[in-house]
Amino acid sequence: MTTTRSMTSIQNLNPSTGELIAEIPCAGPDEVRAAVARARAAQPAWEALGLEERCRVLAGVADGLAERADELADLATREMGKLRGDAKSEIQGFTKMVTAELEEVQEALAPQTFKTKGNETQLVRMPHGVVAAITPWNFPVGMPLQILGPALAAGNTVVFKPSEHVPLTGQAIAEIIQACVPEDVLVLVHGAGETGAELVAADIDMVGFVGSRDTGKRIMESASKELKRLVLELGGKDPLVVFADADLDAAADCAVRHSLRNTGQVCCAVERVYIEESAAAPFEEKVSALAAKWKHGDGFEEDSKMGPLVSEEQRAKVVAQVDSAVEEGARLVMGGSCPDGPGWYYPATVLADVAEEQRISHDETFGPVVSLSTFDGSEEEAVRLANDTPYGLGANVFTGDTDRGARVAARMQAGQVGINQYLGGAPGTPWVGARQSGFGFLGGIEGHRQFTWPKSISKPV
Ligand code: ADP
């Protein structure tokens, strides 16, 4: 069975079993237009409430999320196969973030006053109007929340289309928010790509999108017709560079954990590991020993370390990439073949001797594969290989030489870089997809301001 992407209905399948969870009608063009019209009508009154009051109203969302955390975690695991424990942690983490973020939004959007002799200018931040929030399935609670919270707090109303792979999780999030805000401030539409495309083309003012680079490009093309505002958070092909003087245990742990976490279905997963030739053999041993512990299984089972891939289509992509890498000369160290039985499982897979020209070195894998390549140990080569991608989401470097770590990090073309640790900015820093990993930012002062436009009002004093 494959996931149907028709305009009429979503076949919501459990990826651990292939069983149908629900069949959900998709919004067609008329319904999308009607949803946008409702959000448009609700927007002026929502904006008029003012920033402080809107944030007070939205603070209730954290309580709603906490009350329904177990139900949401169950849904996420059933709909996309995520480990139940990971689903719960995601919900708890983003519930805390809602509260912290509302304070941050108030700081980001507070009016500023600028004075010159005889003149005073106030800089105020205006909402765009109606925002289309279109989100993926891999973090089915976190990805929607990081758009919905700031977009609504800024005074926009939102039409939200969750991924067709997690419609019920999306619906539960919408219900939690709808219980706090006035009618039609958040309107939910269900559907797949066609519904998303209708929504982007409808009478909206901005798109907040997290998903694949190809879809991001299509959205940008469509949005260009009316110069709609955009925040696009897209995929990556993140490198991890390991010099021979690094703490190899820590580097191997980072390589394995962040290639396999969420069954590799993470936009900032480690997708390419470059290890200095002289340390390649011991590093491979360490990686193999760690990866062997990543047992796949149903997300509800306690001893599973990875669930299935989200869909048969997604698994087929991973299979094709690994198979072609092996045909082209990569060495299969572990895994690499689909297990028998139901569910779209794929084992923890380790490839070594992966060459630069192979497809797997360039296309996003989004699956549980640790891909090992070697380099000659020079900084120049490390930087060249790390940047050999049109993407620019994340990058990581491990070395025992602090200065070298800083030099390499400075030259890596990525929005977030980790030195001797996995990437990830402190709270308050934006999530940045540089180059073709994004357009605009989410989070932090810079991210929150993207849901507004700055307007200056001047008067003599
Ligand atoms: P993924 O392959 O990770 O699911 P996609 O980019 O295909 O990533 O999907 C992310 C979100 O974008 C989903 O909600 C999906 O339905 C939606 N989507 C897919 N195609 C389009 C499109 N052409 N226009 C708008 N949204 C789309």
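Residues numbered from 1 in each chain as written. Predicted model: local features only at pLDDT ≥ 70, side-chain atom pairs only at ≥ 80, totals over all residues. Heavy atoms only, no water.

1. Digging into the nonpolar core
This is how the line gets drawn: Only buried residues count toward a nonpolar core. Its members are Ala, Val, Leu, Ile, Met, Phe, Trp, Tyr and Cys residues joined through side-chain atoms within 4.5 Å. A simple rule labels every residue: compare its accessible area, found with a 1.4 Å probe on the protein chains alone, to the largest value its type can have, and call it buried under 20%, exposed over 50%, or partly exposed in between. Note on conventions: DSSP H or I runs of at least 4 residues are helices, E runs of at least 2 residues are strands, and numbering of each starts at the N terminus. Throughout, a contact is declared for two residues whenever any of their heavy atoms are within 4.5 Å.
The biggest cluster of nonpolar side chains holds 83 residues, and the ones touching the most others in it are V158, V242, V273 and F283. Per element, the largest residue contribution to this core is 8 residues, and it comes from helix α5 (residues 84–109). Aside from chain neighbours lying at most four places away, what touches V273 is L240, V242, A255, F283, V370, S371, L372 and S373. Grouped together as the second largest cluster of nonpolar side chains are 22 residues, A27, V159, L199 and A223 included.

2. Some details on the packing of aromatic side chains
Note the cut-off: Any pair of Phe, Tyr and Trp rings, taking the six-membered ring for Trp, is counted once the centres come within 6.5 Å. Such a pair is stacked with planes under 30 degrees apart, edge-to-face with planes over 60 apart, and tilted for the rest. Either the NZ atom of lysine or the CZ atom of arginine qualifies as a charge over a ring when it sits within 6 Å of the ring centre and within 35 degrees of the ring normal.
Per the stated rule, a full pass over the model turns up 2 aromatic pairs. For the pair F243 and F375, a centre-to-centre distance of 5.3 Å together with 85 degrees between the ring planes defines the contact as edge-to-face. Remark: F375 occurs in strand β14 (residues 369–375) and F243 occurs in the loop between β10 (238–242) and α10 (248–260); sequence separation between them is 132 residues. The exposure class assigned to F243 is buried, which follows from its relative accessible area of 0%. Looking at R213, its charged tip hangs above the ring of Y391, at a distance of 4.6 Å from the centre. A cation over an aromatic ring shows up here: R404 above the ring of F243, its NZ or CZ 3.9 Å from the ring centre.

3. Quick word on the state of the cysteines
The condition is simple: The criterion for a disulfide is a pair of cysteine sulfur atoms lying within 2.5 Å.
Following the criterion strictly, the structure yields 0 disulfides and no others. Among the cysteines around C267, which has no disulfide bond, C268 carries the closest sulfur, lying 4.5 Å off.

4. With respect to the domain arrangement of the protein
Under the convention used in this document: Where each domain starts and ends follows an automatic or database-derived domain assignment. Buried area, as used here, totals the accessible surface that two parts lose on assembly, with accessibility defined by a 1.4 Å probe and the loss added over both. Salt-bridge detection follows one rule: a side-chain nitrogen of Lys or Arg within 4 Å of a carboxyl oxygen of Asp or Glu. Two N or O atoms form a polar contact when they lie within 3.5 Å of each other; inside protein one atom must be a possible hydrogen donor and the other a possible acceptor, and for residues adjacent in sequence the pair counts only when both atoms belong to side chains. Note on residue classes: Ala, Val, Leu, Ile, Met, Phe, Trp, Tyr, Cys and Pro are nonpolar, Asp, Glu, Lys and Arg are charged, and everything else, Gly too, is polar.
Annotation of the protein at the domain level lists domain 1 (3–234 + 434–460) and domain 2 (238–427). Each of domain 1 and domain 2 has a C-alpha centre, and the two are 30 Å apart. Across the contact, 26 residues belong to domain 1 and 31 residues belong to domain 2. Across the domain 1/domain 2 interface, buried area totals approximately 2,400 Å², and carbon plus sulfur atoms make up 57% of it. In this structure, the connection of domain 1 to domain 2 is made through 0 salt bridges. Between domain 1 and domain 2 we count 14 residue pairs in polar contact (both at pLDDT 80 or more) in total. Of the residues belonging to the side of domain 1 that touches domain 2, the class tally is 8 nonpolar, 11 polar and 7 charged.

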